[in-house]
Amino acid sequence: MSKRIGKQTLFLPSAPAVEGYAAVVGKKEGEGPLGKRFDFISEDSYFGQASWEKAESHMLRQCFELACDKAKIPPSDLDFILAGDLLNQCVSSAFAMRQSAVPYLGLYGACSTMAEGLSLGALLLDGDFARQVCALTGSHFCTAERQYRFPLEYGGQRTPSSQWTVTGAGAVVLGKKGRLHVTHVTAGKIVDAGIKDPNSMGSAMAPAAYDTLRAHFRDTGRGPEDYDAIFTGDLGALGHDILQALFRADGVDLGPCYMDCGVLIYDLAAQGVNAGGSGCGCCASVLGGHILQAMEDGVWSRVLFAAAGALMSPTSAQQGESIPGICHALVLEREVD
Amino acid sequence: MLLQYAKVFLVGGALCAAGQLLIDYTRLTPARILTGYVIAGVLLGALGLYAPLADWAGAGATVPLTGFGWNLARGVKKAVAEQGLLGVFTGGFTAASAGLCAAVLFGLLAALLGKPRDKN
């Protein structure tokens, strides 16, 4: 029996299990609605390091070690580490993992990296190519500002529709033992809706999320009603509404079970974050801190986790290019008691 | 004197408010707004409209970037009158020299003495 169902979705008969997970965030995220859910909140944005980039790397390392601790395995037992981030050459992940002595697969999916890493990790397990893997990613507000816009010292102003890059990391260890399982993976195609405004990422990424979710529903024969919760990574308030509208035009109601991690991680009104959180660390920390825990607690049994990213660079934007989006999705299911 | 301060803050504030409206309601990037202000200052100066505003509002007109544009234009005009066409290249820098040097110097001092902080 082929494990391919439809054009983009894969069914994983061995249902790789979540053995451990962790989330580490910064001060602002700790002050948000999900504050108590994270494993560690750093009051210091430098994480005790000398630069923002070193801080991001340190945060990723800390999150990774916490996840391995909770999975009760030494990091050296892992068969693969799949990681990526937003910085040039994905240095914060690479430097965080340089001492790990585990085969390292570096990824770039922008804000879709958590779903990409988890998906690929699940495939490695289901294909019997690995017994235990760890997928992780993160982002840092200050490094993202330097990477994509200007260093903070420039003192630039933010527009109402811009999002706030989350300072946070999420790590998930997949293996054979656990009550939560990855059952399906839907890999996304690049979707470019012609949006050029980097201050409006939500509208650039929503079409990609729509494309992947629609493919998932079509391939599996399921609908939003088959899930207890559907999460997108960081479409933000605006992107969340656009996605709902896109589905409504098809006569599909995503329903109240559809939530966006960028809207969950901050109190939009009180914390002054305009359209919400963004960055790899947004959905990664919400997944590692909130969603998986809630599933284990019995809040949700079957969750569709879809992270979307914007595949542009500052250079491409300056050259007048539009912003291509990508969205990867996976299904998490809790074992029946 | 209180009246003088009021004029300064009203005009300076109005110029800043215009910039904020551009940020909030247009897709213009801050960089474009910045250069737009400088060019606006040059144009208004060329039309002879900025000098009276600067006389009336003092720092409220000279501190915002439109004032910088006006200053550049005046410098070029003066240099062209004194040196001919070469003045096109030298005039702006001469007029802005104190401000540019101060910006670089204080920027360096800030970098040496301070550590960048998160925007929390």
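Scope of this entry: the structure provided in the associated data block. (Residues numbered from 1 in each chain as written. Chains lettered and ligands numbered in written order. Predicted model: local features only at pLDDT ≥ 70, side-chain atom pairs only at ≥ 80, totals over all residues. Heavy atoms only, no water.)

### Here's the deal with the overall build of chain B
From N to C terminus, chain B includes six helices and zero strands. Secondary structure elements in chain B, listed N-terminal to C-terminal, are α-α-α-α-α-α. A fraction of 51% describes how many contacts in chain B between residues 6 or more apart in sequence connect residues 24 or more apart. The average position of the 9 basic charges and that of the 4 acidic charges among the side chains of chain B differ by 3 Å. (Helix = DSSP H or I, 4+ residues; strand = E, 2+ residues; numbered from the N terminus. Contact = heavy atoms within 4.5 Å. Lys, Arg positive; Asp, Glu negative; His and termini not counted. Charge placed at Lys NZ, Arg CZ, Asp CG, Glu CD.)

### Considerations on helix α1 (residues 2-25) of chain B
Residues and elements named next belong to chain B. Under the 1.5 Å per step criterion, the end-to-end length of α1 is 33 Å for 24 residues, consistent within 8% with the ideal 34 Å. Buried within α1 we find K7, V8, V11, G12, L15, G19 and I23. Contacts made by the buried residues of α1 are with α2 (30-46), α3 (50-57), α4 (59-62) and α5 (65-83). (Expected span 1.5 Å × (residues − 1). Buried < 20%, exposed > 50% of the residue type's maximum accessible area, 1.4 Å probe, protein only.)

### Quick notes on the pairing of strand β9 (residues 168-175) of chain A
Residue and element names in this part refer to chain A. The buried fraction of β9 amounts to eight of the eight residues, a majority that puts the element mostly inside the structure. Side chains of β9 alternate between two faces, with G168, G170, V172 and L174 and A169, A171, V173 and G175 buried alike. As judged from the eight bridges shared by strand β3 (residues 17-26) and β9, these two strands associate in the antiparallel manner. Residue pairing in the sheet places A23 in a bridge with G170 of β9. One ladder, built from seven bridges, connects strand β7 (residues 133-139) with β9; its direction is antiparallel. Bridge pairing links S139 to G168 in β9. (Pairing = 2+ DSSP bridges.)

### A short note on the packing of helix α2 (residues 52-70) of chain A against helix α5 (residues 141-148) of chain A
Packed helices, taken two at a time, are described by the angle their axes make and the gap between the axes. Residues and elements named next belong to chain A. Interaxial distance between α2 and α5 falls to 8 Å at its minimum, and their mutual angle equals 130°. If you check the angle between α2 and α5, you find them oblique. As α2 packs across α5, the resulting crossing turns out to be left-handed. Every residue of α5 that contacts α2 at W52, E53 and E56 is listed here: C142, T143 and R146. Looking at the contact of α2 with α5 residue by residue, the classes come out as two nonpolar, one polar and three charged. (Axes fitted to C-alpha atoms, helices over the stretch in contact; angles between N-to-C directions. Parallel < 35°, antiparallel > 145°, perpendicular 65-115°, else oblique. Left-handed = near helix turned anticlockwise from the far one by under 90°. Nonpolar A, V, L, I, M, F, W, Y, C, P; charged D, E, K, R; others polar.)

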